[in-house]
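Here is what each chain is made of, one letter per residue.
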Amino acid sequence: MNFYQAVNNAMDIALASDPTCVLFGEDVAFGGVFRCSLGLQDKHGKDRVFNTPLCEQGIVGLGIGLAVAGSTAIAEIQFADYIYPAFDQLVNEASKFRYRSGNEFNCGKLTVRAPCSAVGHGALYHSQSPEAYFAHTPGLRVVIPRGAITAKGLLLSCIRSNDPCIFFEPKVLYRSAVEQVPTKDYEIPLGKAEILVEGDNVTLIGWGTQVHVLREVAQLAQDRLNVSCEVIDLMSIQPWDYETVINSVKKTGRVVIAHEAPLTCGFGAELAATVQKECFLHLEAPIQRVTGFDTPFPHVQEPFYLPDKWRCLEGVRTVVEF
Amino acid sequence: MIRGEMFLRHFVSCNAKRLGLREEVTRIERNIGSLKSLFSTTSSQYEDSASEERPEFPGSRAGWTDKLEFVKPDLYDGIPVYRVIDRKGNVLRPDQDPNLGEEVVVKMYKSMTLLNTMDRIMYESQRQGRISFYMTNYGEEGTHVGSAAALNPDDLVYGQYREAGILMWRGFPLDRFMNQCYGNDEDLGKARQMPVHYGTSALNFVTISSPLGTQMPQAVGSAYAFKRDQTRRCVICYFGEGAASEGDAHAAFNFSATLECPLIFFCRNNGYAISTPTSEQYRGDGIAGRGPAYGISSIRVDGNDTLAVYNATKAAREMAVNENRPVLIEAMTYRIGHHSTSDDSSAYRSVDEVRFWDSTDHPISRLRLYMTHRGWWDEAKEANWKGKSKTKVLESFAKAEKRKKPDWRYMFTDVYEKLTPGLEAQLAEMESHLTKYGDHYPLKHFAKREGPIE
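My aim in this report is to walk through the structure given alongside it, one point at a time. Quantities reported herein were computed from a predicted structural model and do not represent experimental measurements.

## Structural notes on the overall build of chain A
Step number 1: Within chain A one finds 13 helices and twelve strands.
Step number 2: A principal-axis box enclosing the C-alpha atoms of chain A has dimensions of 60 × 40 × 40 Å.
Step number 3: Scored against the burial criterion, the 322 residues of chain A give a buried share of 64%.
Step number 4: The long-range fraction of contacts in chain A, counting pairs at least 24 apart against all pairs at least 6 apart in sequence, stands at 82%.
Step number 5: Total accessible area on chain A is roughly 11900 Å²; 53% of this is exposed by carbon and sulfur atoms.
Step number 6: One way to put it: in chain A the 27 positive side-chain charges average out to a point 3 Å from where the 36 negative ones average out.

## Quick notes on the overall build of chain B
Step number 1: When its secondary structure is counted, chain B shows 15 helices and eight strands.
Step number 2: With 454 residues in all, chain B has 49% of them scored as buried.
Step number 3: Counting only contacts in chain B whose residues sit at least 6 apart along the sequence, the fraction spanning at least 24 positions is 74%.
Step number 4: As displayed, chain B offers around 22600 Å² of accessible surface, 52% of which is attributable to carbon and sulfur atoms.

## Describing the sheet that holds strand E1 (residues 22-25) of chain A
Backbone hydrogen bonds hold the strands of a sheet together, and the pairing may be parallel or antiparallel.
Residue and element names in this part refer to chain A.
Step number 1: Strand order in this open sheet of seven strands is E2-E1-E3-E4-E6-E5-E10, and the pairing throughout is mixed. If you trace the sheet from one side to the other, it starts and ends with strand E2 (49-51) and strand E10 (236-238), each paired once. Shown here is a sheet whose adjacent strand axes are inclined to one another by a mean of 20 degrees, direction ignored.
Step number 2: As paired strands, E1 and strand E3 (residues 73-76) are joined by four bridges and run parallel to one another. The residue of E3 that forms the bridge with Gly25 is Glu76.

## Structural notes on helix H5 (residues 141-149) of chain B
Since there are 3.6 residues in each turn of an α-helix, residues three or four apart along the chain are aligned in direction.
Step number 1: Within H5(B), nine of the nine residues are buried, which leaves the element mostly enclosed by the surrounding structure.
Step number 2: When H5(B) is considered as a whole, its buried residues turn out to be Glu141(B), Gly142(B), Thr143(B), His144(B), Val145(B), Gly146(B), Ser147(B), Ala148(B) and Ala149(B).

## What to know about the interface of chain A and chain B
Step number 1: Chain A puts 48 residues into the contact, and the matching count from chain B is 44 residues.
Step number 2: Summing both partners gives a buried area of about 3500 Å² for chain A against chain B, and 59% of it is carried by carbon and sulfur.
Step number 3: The interface formed by chain A and chain B includes one salt bridge.
Step number 4: A salt bridge links Arg228(B) to Asp47(A), with the nearest nitrogen and oxygen atoms 3.0 Å apart.

## Some thoughts on the packing of H5(B) against helix H11 (residues 306-323) of chain B
Residue and element names in this part refer to chain B.
Step number 1: One can describe the packing of H5 onto H11 by two numbers: an axis separation of 7 Å at closest approach and a directional angle of 40 degrees. Our classification of the angle between H5 and H11 gives oblique. The element H5 and its partner H11 pack so that their crossing is right-handed. Taken together, the residues of H11 that come into contact with H5 (itself represented by Gly142, Thr143, Gly146, Ser147 and Ala149) are Thr306, Val309, Tyr310 and Thr313.
Step number 2: Across the contact of H5 with H11, the residue classes tally to three nonpolar, six polar and no charged.

## Observations regarding the side chain of Arg141(A)
Step number 1: Mapped onto the fold, Arg141(A) is located in strand E5 (residues 141-143).
Step number 2: A polar contact of 3.0 Å, which involves the side chain of Arg141(A), links it to the side chain of Asp163(A).

## Considerations on unusual backbone geometry
Residue and element names in this part refer to chain A.
Step number 1: Residues Gln238 and Pro239 are joined by a peptide bond in cis, for which omega reads -20 degrees.
Step number 2: Considering the arrangement of structural elements, one finds Pro239 in the loop between E10 and helix H10 (242-252).
Step number 3: For Arg35, which is not glycine, the phi torsion reads 65 degrees and is therefore positive.
Step number 4: Residue placement: Arg35 occurs in the loop between E1 and helix H2 (40-44).
Step number 5: On the basis of relative accessible area, Arg35 is assigned to the partly exposed category, the value being 40%.

## Observations concerning the sheet that holds strand E9 (residues 229-233) of chain A
All names here are of chain A.
Step number 1: Spatially, the five strands line up as an open sheet ordered E7-E9-E8-E11-E12, and their pairing is mixed. Looking along the sheet, the strands with just one partner apiece sit at the ends: strand E7 (194-197) and strand E12 (288-292). Here the strands of the sheet are splayed against their neighbours by 25 degrees on average, with no regard to which way each runs.
Step number 2: Alignment of E7 against E9, held across three bridges, turns out to be antiparallel.

## With respect to the pairing of strand E4 (residues 263-269) of chain B
Residues and elements named next belong to chain B.
Step number 1: Of all seven residues in E4, seven are buried; the element is thus mostly enclosed.
Step number 2: Of the two faces of E4, the one carrying Leu263, Phe265, Cys267 and Asn269 and the one carrying Ile264, Phe266 and Arg268 are both buried.
Step number 3: Note: strand E3 (residues 235-240) against E4, six bridges, orientation parallel. If you follow Cys237 over to E4, its bridge partner there is Phe265.
Step number 4: Strand direction decides the pairing type here: E4 and strand E8 (residues 327-332), joined by six bridges, are parallel. In the strand pairing of E8, Phe266 is matched with Ile329.

## A closer look at the pattern of salt bridges
Step number 1: Across all of its chains, the model carries 41 salt bridges over all chains by this definition.
Step number 2: Lys43(A) is paired through a salt bridge with Asp12(A); the nearest N and O atoms lie 2.7 Å apart. Taken together, the residues span a long stretch of sequence, with Lys43(A) in helix H2 and Asp12(A) in helix H1 (residues 3-17) at a distance of 31 residues.
Step number 3: Taking the relative accessible area as the measure of exposure, Lys43(A) reaches 54% and is therefore exposed.
Step number 4: Judged by relative accessible area, Asp12(A) falls into the buried class, the value being 15%.
Step number 5: Close ionic contact of Lys192(A) with Asp241(A) constitutes a salt bridge, the shortest N to O distance being 3.7 Å. With Lys192(A) in the loop between helix H8 (173-176) and E7 and Asp241(A) in the loop between E10 and H10, the pair connects residues that are 49 residues apart, well separated along the chain.
Step number 6: When its relative accessible area of 41% is taken as the criterion, Lys192(A) is described as partly exposed.
Step number 7: Relative accessible area serves as the criterion here: at 3%, Asp241(A) is assigned to the buried category.
Step number 8: Overlapping salt bridges bring together Arg87(B), Asp302(B), Asp361(B) and Arg366(B) as one network.

## Here's the deal with the packing of aromatic side chains
Step number 1: What the rule picks out here adds up to 31 aromatic pairs over all chains.
Step number 2: Judged by centre distance (4.6 Å) and plane angle (70 degrees), the rings of Trp240(A) and Tyr242(A) are edge-to-face.
Step number 3: Classification of Trp240(A) by relative accessible area gives buried; the value is 7%.
Step number 4: Put simply, the rings of Phe3(A), Phe34(A), Phe79(A), Tyr82(A) and Tyr174(A) pair up and form one aromatic cluster.
Step number 5: Taking NZ or CZ as reference, Lys110(B) lies 4.8 Å from the ring centre of Trp385(B), over its face.
Step number 6: For Arg192(B), the ring lying beneath its charged end belongs to Tyr99(A), and the centroid distance is 4.3 Å.

Cut-off values and rules
Residues numbered from 1 in each chain as written. Chains lettered and ligands numbered in written order. Predicted model: local features only at pLDDT ≥ 70, side-chain atom pairs only at ≥ 80, totals over all residues. Heavy atoms only, no water. Helix = DSSP H or I, 4+ residues; strand = E, 2+ residues; numbered from the N terminus. Buried < 20%, exposed > 50% of the residue type's maximum accessible area, 1.4 Å probe, protein only. Contact = heavy atoms within 4.5 Å. Areas by Shrake-Rupley, 256 points an atom, 1.4 Å probe, with all protein chains shown as cover. Lys, Arg positive; Asp, Glu negative; His and termini not counted. Charge placed at Lys NZ, Arg CZ, Asp CG, Glu CD. Pairing = 2+ DSSP bridges. Axes fitted to C-alpha atoms, helices over the stretch in contact; angles between N-to-C directions. Buried area = accessible area lost by both parts, 1.4 Å probe. Salt bridge = Lys/Arg side-chain N within 4 Å of Asp/Glu carboxyl O. Parallel < 35°, antiparallel > 145°, perpendicular 65-115°, else oblique. Left-handed = near helix turned anticlockwise from the far one by under 90°. Nonpolar A, V, L, I, M, F, W, Y, C, P; charged D, E, K, R; others polar. Polar contact = N/O pair within 3.5 Å; in protein donor to acceptor, adjacent residues only side chain to side chain. Phe/Tyr/Trp six-rings, centres within 6.5 Å; stacked < 30°, edge-to-face > 60°. Lys NZ or Arg CZ within 6 Å of the ring centre and 35° of its normal.

In short, shape yes, function no, at least from these values alone.
See the structure below:
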């Protein structure tokens, strides 16, 4: 299965196993602009898989209300770049619904899904990675899978979670990330990172598409620098897995964090701040962040903008030669 | 023959579309076509224009015009204001009297006046520094109780912040109102929000949040869930005429209509959004005028006429639940009090204007007159009830004030369903901080729960 098929499969299972589950957003009825909802309306019915008007604040508001009334709601935002009209509903409402009501009410059964990240030609408005805005909001879960297997398991966990979740899907992986995805119903726990490659010298931390870049970087580092890298896929951005990251850094003493989102206040800043606090005496070099630049996401300049394997490799070299 | 045919086609397709008979249209048009070919002496010009009888755009069901004419906003005189009783409590048309009977009407009256009494005392208590903030409901009690009485207890209420009368009607105890305002350890909301941000799942009243209009698309979502559940519950969503300017209002109207939800939109048009009068809030025919543009049946009512509000809400509920569609009620009223304890409305409106509404068109006096006409209420009952309600409120007030705040550690719970490792660490850090610096914190006002918090 590829990534979008895995997402489709997860939603199919959710719809089949939970009669209260509904899926909605712009253009989901015919299958969605990335085919994530292909066949689901035919299979589960027009009252359960349906189009909404073109209005993100309405889509998320609707989702909150559905969840409050006991329905499992999967709200699709067509591109993460367009999630901002729903920012108020997500930050002021969804994240705080349980807290402010003293647990009289909650919208935990809401999951908001949106395609994110670079796709080669997306430019300013089809390439963004907005995870940092939402990680800064207590009460939301922010999850980003790296491939088809993790997409299915993490999405099912999000849908079934009793906390409102935002699930970002790196769109460049929709067709390219093909894996042997189990067809059964399975979940991957939220709040847990995964160590993909074990190593001793440098900890590399990323999520989504960047994880694949870091895997290549680990190989390059081995081949060219004789450096052994430990590659961590964070998967859950908020809440994130302190234990796995801190244990790794205490072992290696050197960290490179990489993300497509701009440098300033990107999620790498949070990781760096926490790691330096918890692992200060274990660090052999300052923590490196290799990220998008502090510019809007450009079009033809994308190859210069992204934290590619060469910039990441330089980051590894820097921490190793400090 | 040709004119007749054109008329017939036009008539059929206009009305068939209105009645939803697409197949009829096609069949009749085909029959006309075959009749035409039998009798026709027309040139092919008419056959070509047959498909131009009506526009075929997917986006509109309107006909053609060859007049260059703009539809002006003052096209009509505004949706009229429905009322049942006049300012003196006399029923204008007997067949509009809902004939609710003494018990129900007295309960309505008592809910409105108890609210009024509580408002006076709580407003004062803020002035005295006993609670941090308060919002009164003066002048709008009729909109609350008239509508609440027309709903079922399990209909879900989304409010804005000036709907406490619904809770009064539904039996929210005075203690609970007070506990929330004082933020004590009995507050259902665990003392996390400013006063008047009430909420109770037992009474189907969703907790109030400060951002305006956000409840509107949420109400639509809940209504959609109820439609699927087939429980015949409806949702009512209250909002002010100011909040109706928010984008969320537009989103909610549009979604409720396209998704066909059993929902009542209830707008309290009280003339002001803090200091902003309606003339600076909108230029069209208020909020009711917007409804039909979204495909929503709409009505405007006298919000100070509790019985008119009742009738409109009752009828709206029938439509919403039986036909699964949204209905819009705009209740015209007047905000007699200040926006909140942080406001002094004499800065932007005349005391005379306020006095006018308070003395000549108040929902409480109008309902009292209605009851008096029927022999259900008199001066003695009024004095007796006033005394009793004041005593009840003061008792509750004193009790609530004495209670401690909840254990401060509840600041960390309910952020997520369960405490996360991160929050556990932050809680531990603060606990440790308090062992050293506890004297500088108001710990003595906070209850202490034995054992760990969760």
